[in-house]
Amino acid sequence: GKYLAIGTPTDIFVWDLVTLELHVTLSGHGWRGADGWLGMIRSLVFAPQSHLLVSVGWDDTTRLWNIDSGSQVRRLNVCCSASFTPDGRYLVTAGDGVIRVWGIP
């Protein structure tokens, strides 16, 4: 891939691996903490062959981002895990004992 995404307790940083420059900073997940830890991002996954990124947060939300515009495309009130289908047409989330398939806008 061309990009590297890193989640921190406050933001998601997307780096361009060709230019070695920061491409975009994404913010939106809320803090969550318990037993002495604080966190915001659980996982980050790029869509195949597009400029979409999905983030799963400890705030019980899954968010779809356009890394070119830096905008949040969709917020889903589901958590635990998310991945794109190999063709990138669908987002699959799993959590609370339910698997959901979402069309990509």
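Residues numbered from 1 in each chain as written. Predicted model: local features only at pLDDT ≥ 70, side-chain atom pairs only at ≥ 80, totals over all residues. Heavy atoms only, no water.

Caption draft 1: Representation of the environment of Trp 58. Tracing the chain through its elements places Trp 58 in the loop between strand 7 (52–57) and strand 8 (62–66). Classification of Trp 58 as partly exposed rests on a relative accessible area of 30%. Along the sequence, Trp 58 and Arg 42 sit 16 residues apart, while their C-alpha atoms lie 6.0 Å from each other. At a separation of 3.5 Å, a polar atom in the side chain of Trp 58 contacts the main-chain carbonyl oxygen of Ile 41. (Helix = DSSP H or I, 4+ residues; strand = E, 2+ residues; numbered from the N terminus. Buried < 20%, exposed > 50% of the residue type's maximum accessible area, 1.4 Å probe, protein only. Polar contact = N/O pair within 3.5 Å; in protein donor to acceptor, adjacent residues only side chain to side chain.)

Caption draft 2: Layout of the sheet that holds strand 9 (residues 71–76). Taken in spatial order, the four strands make up an open sheet running 6-7-8-9, and their pairing is antiparallel. The sheet is open, and its two edges are formed by strand 6 (41–46) and strand 9, each paired on a single side. Averaged over all pairs of adjacent strands, the angle between strand axes in this sheet comes to 20°, irrespective of strand direction. (Pairing = 2+ DSSP bridges. Axes fitted to C-alpha atoms, helices over the stretch in contact; angles between N-to-C directions.)

Caption draft 3: Representation of the pattern of salt bridges. Scanning the model with the defined rule gives two salt bridges in all. Among the ionic pairs, Asp 16 bridges to Lys 2, the shortest N-O distance being 3.7 Å. Here Asp 16, found in strand 2 (residues 12–16), pairs with Lys 2, found in the segment before strand 1 (3–7); they are 14 residues apart in sequence, far enough to count as distant. The exposure class assigned to Asp 16 is buried, which follows from its relative accessible area of 9%. (Salt bridge = Lys/Arg side-chain N within 4 Å of Asp/Glu carboxyl O.)

Caption draft 4: Just empty space enclosed by the protein, in detail. If you walk through the whole model with that rule in mind, you get one cavity of 30 Å³ or more. Volume-wise, the largest cavity comes out at about 30 Å³. Lining the largest cavity are Leu 64, Arg 74, Leu 76, Leu 91, Trp 102, Gly 103, Ile 104 and Pro 105. When the residues that make up the lining of the largest cavity are grouped by side-chain class, the tally is six nonpolar, one polar and one charged. (1 Å grid on protein atoms, 1.4 Å probe; cavity = no way out; pocket = protein on both sides within 12 Å on 5 of 7 lines; lining within 4 Å. Points joined across faces, edges and corners; volume = space filled by probe spheres on them. Nonpolar A, V, L, I, M, F, W, Y, C, P; charged D, E, K, R; others polar.)

Caption draft 5: Fine view of unusual backbone geometry. Residues other than glycine seldom take positive phi values, yet Leu 20 does so here, at roughly 60°. With respect to the helices and strands, the residue Leu 20 is situated in the loop between strand 2 and strand 3 (21–26). A positive phi angle is found at Asp 96, which is not glycine, with a value near 55°.

Caption draft 6: Geometry of the state of the cysteines. Inspection of every chain in the model, using the stated rule, returns zero disulfides. With no disulfide of its own, Cys 79 has Cys 80 as its nearest cysteine by sulfur position, at a separation of 3.3 Å. A residue is classified by how much of its surface remains accessible, and Cys 80, at 33% relative accessible area, is partly exposed. (Disulfide = S-S within 2.5 Å.)

Caption draft 7: Representation of the nonpolar core. Ranked by size, the top nonpolar core spans 11 residues in total: Tyr 3, Ala 5, Ile 12, Val 14, Val 24, Leu 26, Met 40, Ile 41, Leu 53, Trp 65 and Ile 67. When residues of this core are traced back to their parent elements, those giving at least two are strand 1, strand 2 and strand 3. If sequence neighbours within four positions are ignored, Val 24 has contacts with Ile 12, Phe 13, Val 14, Ile 67 and Gly 70. (Core = buried A, V, L, I, M, F, W, Y, C linked by side-chain atoms within 4.5 Å. Contact = heavy atoms within 4.5 Å.)

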